[in-house]
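Structure assessment
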Amino acid sequence: MRDYKLVVLGAGGVGKSCLTVQFVQGVYLDTYDPTIEDSYRKSMEIDNKIFDLEILDTAGVAQFTAMRELYIKSGLGFLLVYSVTDRQSLEELVELREQVLRIKDSDRVPMVLVGNKADLEEERVVSVEEGIEMSSKWGKVPFYETSALLRSNVEEVFVDVVRQIIRNELEAANANASASAGLGAGAGAGVARAEAPAGREKTAVSRDKAPVGGPKKPEPKRRKKSKKKNACVVL
Ligand SMILES: Nc1nc2c(ncn2[C@@H]2O[C@H](COP(=O)(O)OP(=O)(O)OP(=O)(O)O)[C@@H](O)[C@H]2O)c(=O)[nH]1
């Protein structure tokens, strides 16, 4: 069984705990109790394999953010959550993502951008388009709008991060196998083949789940083997 640690990051009150508890326990918490740090475990089957997930629900409020570096070091995948009712919470993610990339010392860290509270249409101040724009700026990090209240796209965001981790591991294994077989020049081809089975099936889906993003395009190369796909899924 594979054991993966996922970390849920974002400003205070955006719904990190509600998303996590909805995913793990299938219930919605409607009281607000600021988190210091909570850890949850859940086993799930993805692509016919069982994964044991440890999910760290982190503190959004400033006095606990010193612990963040530790979470980030130990995490394999990250959910960067804002609330569509709070513009500042989206802006705060810019710095958070930079912190993740810096601490992990990589620009290919498995992550998703999550705009939560999408059910609160009347209180919305961040549009779907702004979420998509942020995801594009970040090199097409998969973007979803979610509602922990309605349980929409909740499972999808966690599964997406796990699939990214799997894909990265496959790429690393292929690169190692090619290197140890003395096939340095063929490593790129191995990576490309490895991507196919773990690829996401969704590209871009509008509020009524119709595709809005057109065909997937390869991300412009930042590193030699970088070839990410986009997934923007909103309610
Ligand atoms: N309408 C609606 N309310 C939500 C949703 N998700 C969370 N909330 C509410 O927002 C408030 C904060 O949710 P939490 O999950 O505690 O937020 P958090 O990000 O964990 O907050 P911190 O622990 O301070 O970091 C609670 O009152 C929730 O009921 C959602 O999808 N829709």
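The chain has the name Ras-related protein RSR1 in an unreviewed UniProt entry, where Lachancea dasiensis is given as its organism. Under the UniProt heading Subcellular location (unreviewed entry), the note attached to the chain is "Cell membrane".

Right, let's talk about the nonpolar core for a bit. Counting residues in each nonpolar core, the largest one holds 30 residues, and the members touching the most others are L6, F23, L53, I55, L79, F158 and V162. Taken together, the elements giving at least two residues each to this core come down to β1 (2-10), α1 (16-25), β2 (37-46), β3 (49-58), β4 (77-83), β5 (111-116) and α5 (154-180). Looking at this core, the element that brings in the most residues is α5, giving 8 residues. In contact with I55, other than residues within four places in its own chain, are L6, V8, T20, F23, V24, D38, S39, Y40 and F158. Counting 25 residues, the second-largest nonpolar core is a separate cluster that includes V109, L113, M134 and V141.

This next bit is on a nonpolar patch on the surface. Where nonpolar side chains cluster on the molecular surface, the patch consists of Y28, L149 and L150 and spans about 290 Å² of accessible area. Its location among the elements puts L149 in the loop between β6 (143-145) and α5. A residue is classified by how much of its surface remains accessible, and L149, at 41% relative accessible area, is partly exposed.

This next bit is on the site of the ligand. Inspection of the region around the ligand gives 23 residues, with K16, Y32, T35, D119 and A148 positioned closest. Within the backbone of C18, one N or O atom sits 2.8 Å away from an oxygen atom of the ligand. Contacts to the ligand include A148, whose backbone N or O atom sits 2.8 Å from an oxygen atom. When the ligand sits alone it has 650 Å² of accessible area, and the protein chains cover 92% of it. Top element by residues in the shell around the ligand is α1. It accounts for 3 residues. Grouping the constituent residues of the shell around the ligand by class yields 11 nonpolar, 8 polar and 4 charged.

Parameters at a glance
Residues numbered from 1 in each chain as written. Predicted model: local features only at pLDDT ≥ 70, side-chain atom pairs only at ≥ 80, totals over all residues. Heavy atoms only, no water. UniProt positions renumbered as here; feature names shortened; annotations may be inferred. Core = buried A, V, L, I, M, F, W, Y, C linked by side-chain atoms within 4.5 Å. Buried < 20%, exposed > 50% of the residue type's maximum accessible area, 1.4 Å probe, protein only. Helix = DSSP H or I, 4+ residues; strand = E, 2+ residues; numbered from the N terminus. Contact = heavy atoms within 4.5 Å. Patch = residues over 30% accessible without salt bridge, like charges linked within 9 Å, V, L, I, M, F, W, Y side chains within 5 Å. Areas by Shrake-Rupley, 256 points an atom, 1.4 Å probe, with all protein chains shown as cover. Salt bridge = Lys/Arg side-chain N within 4 Å of Asp/Glu carboxyl O. Near = heavy atom within 4 Å. Polar contact = N/O pair within 3.5 Å; in protein donor to acceptor, adjacent residues only side chain to side chain. Nonpolar A, V, L, I, M, F, W, Y, C, P; charged D, E, K, R; others polar.

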